[in-house]
Amino acid sequence: MTTTLARAILASSLLLNTGNAKGSDWVTVYQSAVNSVPYILSGGSVCAGALIENNRILTAWHCVHLMRPIQVGWRGNQSGQEQSAEVILKDSANDIAILKLASPSSKRLPLASGAHIPVKTGTPVATIGHPLGSELYSSSNADLGFVLSSGIVGKVNAKNTILDISVSPGNSGGPVLTQDGKILTLISSKYSGFRVGNLVTAPAPELVASAIDKSASVSEPLDWTAAKNTWHFYVPVGCHLNFTDGASKHSYYFDEIQLEWRARDRLALSISQGGSRHLETTAFHLGASIHVAQPDRRIPLEAGVFTGYRTLRINDAMAETGFFTAGVELSAFYSAVRIRAEQSFGANKSLRTVIGSVDLFSLF
């Protein structure tokens, strides 16, 4: 009789604890934290973050690593009502960044750090984010912003924490919350693969706490030289070339691919190879670009200039000819689509090209 009673009491206790961990506790956490978890727009991506002071936001470095203009929006915002922000601290090795808002958010309460809370395998955690980030304003998907996901700590490592929790790209940078609503760490990346489930990696809590502490004494934003270097692979949409040799003029359509290495998202080195059944051409370019400020950001634009050297061979009858070139470019949708106009230098010969292309690395 005693054994049966003891088992009943134990079973009831387990059920109550399970219900608290997965039900009512997260209701309270969500209601108290959701207004302090913004969406972050930068470089074509949408991420999440956490208000840690009235003018500071914690997020993932990979969300802002291009150092392009950053806009921060809150629950209840409409498109165009976001605040601007700048990166004041980065820890690229651990995927941590701290942003400073242009104006303090006085109506929202900062979330407290829970770095002092012992982290053990099996600890319940939750996060708030935006699973369909790029479609946050879509009428059919507007309810998929500010979504709560819960799970557990799967493993504690020296420099990171593995979580068993369901997330999508729009969750990146979102706070990993304890049952008392404190920030334990942040969502960094999701393991992917045919045999991998909802496994997520997050920085160790003490690393996040250290970054938050350091940011308290930092006020000046990082400049563009802090941005990450990137690669781009452009494939042709439409290319046209005009070649003039004295009184002789030639006009051709051709295809050209381009591999570009962009330093700090501002300076670029590239090599191009193209041709058709009538011609062959190769080019090397050095360029620089800036981001064009736009209030509504519906079609983000970048403008740039470049110079370089292009070789051209038309049929087998014409020897290869080299040209020093210069040109301008206009890119849209965060460099995904680009149009370049290029003009050669020369006394008796001239070369003009117009090239439209798409960056595969940006699209996929």
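Look a little higher up for the structure.
The paragraphs below set out a description of the structure included in this document. (Residues numbered from 1 in each chain as written. Predicted model: local features only at pLDDT ≥ 70, side-chain atom pairs only at ≥ 80, totals over all residues. Heavy atoms only, no water.)

**A look at the sheet that holds strand 3 (residues 50–53)**
Spatially, the 7 strands line up as an open sheet ordered 2-1-5-6-7-4-3, and their pairing is antiparallel. At either end of the open sheet lies a strand with only one pairing partner, and these are strand 2 (45–48) and strand 3. For this sheet, the mean angle separating the axes of adjacent strands, direction not counted, is 35 degrees. Here helix 2 (residues 205–215) sits on the sheet and contacts strand 3, strand 4 (56–59), strand 6 (83–91) and strand 7 (96–101); the angle it forms with strand 7, its principal contact strand, is near 30 degrees. (Pairing = 2+ DSSP bridges. Helix = DSSP H or I, 4+ residues; strand = E, 2+ residues; numbered from the N terminus. Axes fitted to C-alpha atoms, helices over the stretch in contact; angles between N-to-C directions. Contact = heavy atoms within 4.5 Å.)

**What to know about the sheet that holds strand 20 (residues 321–332)**
Ordered in space as 15-16-17-18-19-20-21-22, the 8 strands form a closed barrel in which the pairing is antiparallel. Here the average twist between neighbouring strands, direction ignored, is 25 degrees. For strand 17 (residues 267–275) and strand 18 (residues 279–292), the ladder comprises 9 bridges, and the chain directions are antiparallel. Counted as the bridge partner of Ile-271 is Phe-284 from strand 18.

**Some words on the nonpolar core**
Core analysis: the largest hydrophobic core is formed by 46 residues, its most contacted members being Ile-57, Leu-58, Val-64, Ile-70, Val-72 and Leu-99. The element best represented in this core is strand 7, accounting for 5 residues. Excluding residues within four positions of it along the chain, Val-72 makes contact with Pro-38, Tyr-39, Ile-40, Ile-57, Glu-82, Gln-83, Ala-85 and Leu-101. With 12 residues, the next largest nonpolar core counts Tyr-252, Leu-312, Ile-314 and Ile-355 among its residues. (Core = buried A, V, L, I, M, F, W, Y, C linked by side-chain atoms within 4.5 Å. Buried < 20%, exposed > 50% of the residue type's maximum accessible area, 1.4 Å probe, protein only.)

**So, the state of the cysteines**
What the rule picks out here adds up to 1 disulfide. Disulfide pairing places Cys-47 opposite Cys-63 at an S-S distance of 2.3 Å. Given an S-S torsion of about -95 degrees, the disulfide between Cys-47 and Cys-63 has left-handed geometry. With a gap of 16 residues between them, Cys-47 in strand 2 and Cys-63 in the loop between strand 4 and strand 5 (70–73) connect regions that are remote in the sequence. Looking at Cys-63, the relative accessible area reads 3%, which means it is buried. (Disulfide = S-S within 2.5 Å.)

**What to know about the side chain of Glu-302**
Secondary-structure assignment places Glu-302 in strand 19 (residues 301–314). Put simply, Glu-302 is tucked away with no salt bridge, and the nearest opposite charge, on Arg-68, sits 4.4 Å away. Looking at Glu-302, its side chain comes within polar contact range of the main-chain nitrogen of Ser-335, at 2.9 Å. (Lys, Arg positive; Asp, Glu negative; His and termini not counted. Salt bridge = Lys/Arg side-chain N within 4 Å of Asp/Glu carboxyl O. Polar contact = N/O pair within 3.5 Å; in protein donor to acceptor, adjacent residues only side chain to side chain.)

**Quick notes on the pairing of strand 10 (residues 160–164)**
Looking at chain direction, strand 9 (residues 147–156) and strand 10 are connected through 4 bridges and run antiparallel. What sits directly across from Val-156, in strand 10, is Thr-161. Taking the residues that link successive antiparallel strands as the turn, the strand 9-strand 10 hairpin has 3 residues. In terms of strand pairing, strand 10 meets strand 14 (residues 199–203) through 5 bridges, oriented antiparallel. Looking across to strand 14, one finds that Thr-161 is bridged to Ala-202.

**Observations regarding unusual backbone geometry**
The residue Phe-146 is not glycine, and still its phi comes out positive at about 60 degrees. Looking at the element boundaries, Phe-146 is found in the loop between strand 8 (124–129) and strand 9. By relative accessible area, which is 12% here, Phe-146 ends up buried. Positive phi, close to 60 degrees, is recorded for Tyr-334, a residue that is not glycine. As for its position among the elements, Tyr-334 is in the loop between strand 20 and strand 21 (337–345). On the basis of relative accessible area, Tyr-334 is assigned to the partly exposed category, the value being 27%.

**Here's the deal with the packing of aromatic side chains**
Applying the stated rule across the entire model yields 4 aromatic pairs. For the pair Tyr-39 and Phe-146, a centre-to-centre distance of 6.3 Å together with 70 degrees between the ring planes defines the contact as edge-to-face. With a gap of 107 residues between them, Tyr-39 in strand 1 (residues 39–42) and Phe-146 in the loop between strand 8 and strand 9 connect regions that are remote in the sequence. Accessibility expressed as a relative area gives 1% for Tyr-39, which makes it buried. Their ring planes at 65 degrees and their centres at 5.1 Å tell us that Tyr-309 and Phe-324 sit as a pair that is edge-to-face. Of the two residues, Tyr-309 sits in strand 19 while Phe-324 sits in strand 20, which places them 15 residues apart along the sequence. Using a relative accessible area of 58% as the deciding quantity, one classes Phe-324 as exposed. Over the face of the ring belonging to Tyr-234 we find Arg-338, whose NZ or CZ atom lies 3.8 Å from the ring centre. The lysine or arginine in question, Arg-340, covers the ring of Phe-306, its NZ or CZ lying 3.9 Å from the ring centre. (Phe/Tyr/Trp six-rings, centres within 6.5 Å; stacked < 30°, edge-to-face > 60°. Lys NZ or Arg CZ within 6 Å of the ring centre and 35° of its normal.)

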